Amino acid sequence: MTQLRHATITGTGSYLPEQVVTNSDLENMVDTTDEWIRQRTGITERRIAADDVATSDLCVHAARWAIKNANIDPLDIEMILVATVTPDTFFPSTACYVQKGIGAKNAAAMDLSAACAGFLYGLDLADGMIKSGRYNTILVIGGEVFNKIIDWNDRSTCVLFGDGAGAAIVQATDEPKGILASYIGSDGDYADIDLLGIPAGGSRMPVTSEVIAEKRDKLQMNGREVFKLGVRLMPEAAQRVLREANVSIDEIDLLIPHQANLRIIEAVGDRLGMPREKVYVNVDRYGNTSAATIIIALDEAIREGHAKPGDLLLFVTFGAGLTWGSTLLRL
Ligand code: ACO
C-alpha cells in the first residue's frame, strides 16, 4: 500500500532590517500626512534595508532562524526556492547567494518570480516536490528589498512598501498534517506594467539614461485597480482551498492574508466571514513586503502564540501578473 506523504512546515524564521521609517519621516520627504497614510492603508511604519544590503542578506538571516527552529542541519536541505521580485542580480540567482550564506551545499537553488504571491507559489511547488517523493527537505523563502525599486518622490507608492524576509523549512511527514490544500493561479491579461510592475530593466526595455530620467526603472502602480482586484481575487482563491479540503471558514483558527493594505485585509476577512480577531495583521508595522508578507506574519504569529501546533491556518495572496494563491495548513 502507498504510504500517504504530506508536506509540513517544521520551522520558520524572519528578519526585518533595523531602520524604521515612520509616516512622519515620509511627511518630510513627500507631500503626504501620517493621517492620510494610516486612513488609506493602515500603515504607520516600515523597515528599510541599508544601502549596502541586498535581498539575499535578509534571506540568509531569516533562513538561519528557520533552520534553527526546525532543528535541522543546513546540509539536510535539498532545494532552496527564493520568491522575490527584487533579486540581488538577474543571475546568479538570489537563492545561490543564500545557499552560500547558510552553507547548504547539498541543495539545488533557484528563484521564482510571482510578485506578492511568490511565497505561496513556493509553498505549492515544495508541496508537489515533496509529495512526488523526490525531496524531503525544502527551504522556501520570500524576501524583498523594495526600497531600491521605489521612486521615493512618488507619494502614491513610496508610502506602501517595506523590506524584509521570511523563511520556512518544508519537510515530508507521514502524519496527517501540513499542507492540506494549495492553489495557485494567474491571469496574464493583467500583465500590464501600468497596473503594477516595473517597465524597464529587462529585455523589453533595457536601462538607459533616458529610462532613468523618466523613472521607468521604478515601480508603477494603479492603486485603485489593484485594490479592487485584490478584494475580489483573494476571497475567491481562499474559497477554492476551503472547498477542496471540505473545510468551513468557522474551522479556521487564523487567516493570514497578504499584507498590502489594512482596508484590503479587512474586506477580504469580511467577505470570507472571518471574525476580525482571527485575521492576522502586521502591515501597520512593516508595510507591504511583497513576497515576504505571509511568511513574516506566520513566523511572528508562531512566536507570539497566535498560531500553535494543531491550528488550522489559511493563507491567501495576490500580486502582479496577476498572480494569486491560497494554502490551507494544519500546523
Ligand atoms: N498622501 C497624500 N495624498 C495622496 C497620497 C499620499 N501618500 N497618495 C495619493 N494621494 C492622493 C492622490 O493624488 C489623489 O489626489 P487627487 O484626488 O487630488 O487626485 C487622492 O490621494 C486619492 O488617490 P487614490 O489613489 O484614489 O486613493 P485611494 O483611496 O485609492 O488610496 C492607495 C490609494 C492607498 C494606493 C489604495 O488605492 C491602495 O491601497 N491600493 C492597493 C495598492 C496595493 O495594495 N498595492 C500593492 C501592490 S503589490 C501587491 O501587494 C499586490
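Residues numbered from 1 in each chain as written. Predicted model: local features only at pLDDT ≥ 70, side-chain atom pairs only at ≥ 80, totals over all residues. Heavy atoms only, no water.

**Considerations on the site of the ligand**
Here's step 1: Neighbouring residues of the ligand: 23 residues in total, closest T32, R40, R224, H258 and N261.
Here's step 2: One of the backbone N or O atoms of G223 is found 2.9 Å from a nitrogen atom in the ligand.
Here's step 3: Measuring from an oxygen atom of the ligand, one finds a side-chain N or O atom of N261 at 2.5 Å.
Here's step 4: Only helix 2 (34-41), helix 6 (155-158), helix 8 (223-245), helix 9 (262-272) and strand 12 (312-319) provide two or more residues apiece to the shell around the ligand.
Here's step 5: The element contributing the most residues to the shell around the ligand is helix 8, with four residues.
Here's step 6: Here the residues of the shell around the ligand are counted per class, giving 10 nonpolar, eight polar and five charged.
Here's step 7: Each of two domains, domain 1 (6-176) and domain 2 (180-330), supplies a minimum of three residues to the shell around the ligand. (Near = heavy atom within 4 Å. Polar contact = N/O pair within 3.5 Å; in protein donor to acceptor, adjacent residues only side chain to side chain. Helix = DSSP H or I, 4+ residues; strand = E, 2+ residues; numbered from the N terminus. Nonpolar A, V, L, I, M, F, W, Y, C, P; charged D, E, K, R; others polar. Domains from an automatic or database assignment.)

**Some points on the sheet that holds strand 5 (residues 108-112)**
Strand pairing in a sheet takes place through backbone hydrogen bonds and is either antiparallel or parallel in direction.
Here's step 1: Read across the sheet, five strands follow the order 1-7-6-4-5 without closing on themselves; strand pairing throughout is mixed. The two strands at the open ends of the sheet, each matched to only one other strand, are strand 1 (6-15) and strand 5. Averaged over all pairs of adjacent strands, the angle between their axes in this sheet comes to 20°, without regard to strand direction.
Here's step 2: The pairing of strand 4 (residues 79-83) with strand 6 (residues 137-144) spans five bridges and is classified as parallel. Directly across from I80, in strand 6, lies its bridge partner L139.
Here's step 3: Helix 3 (residues 55-70) contacts strand 1, strand 4, strand 6 and strand 7 (164-173) of the sheet and is inclined by roughly 125° relative to strand 1. (Pairing = 2+ DSSP bridges. Axes fitted to C-alpha atoms, helices over the stretch in contact; angles between N-to-C directions. Contact = heavy atoms within 4.5 Å.)

**Some details on the sheet that holds strand 12**
Here's step 1: Spatial ordering of the open sheet is given by 8-13-12-11, a layout of four strands whose pairing is mixed. Only two strands of the sheet have a single partner each, and these edge strands are strand 8 (178-186) and strand 11 (254-257). Averaged over all pairs of adjacent strands, the angle between their axes in this sheet comes to 10°, without regard to strand direction.
Here's step 2: Pairing between strand 8 and strand 13 (residues 323-330): eight bridges, direction antiparallel. The residue of strand 13 that forms the bridge with S182 is T327.

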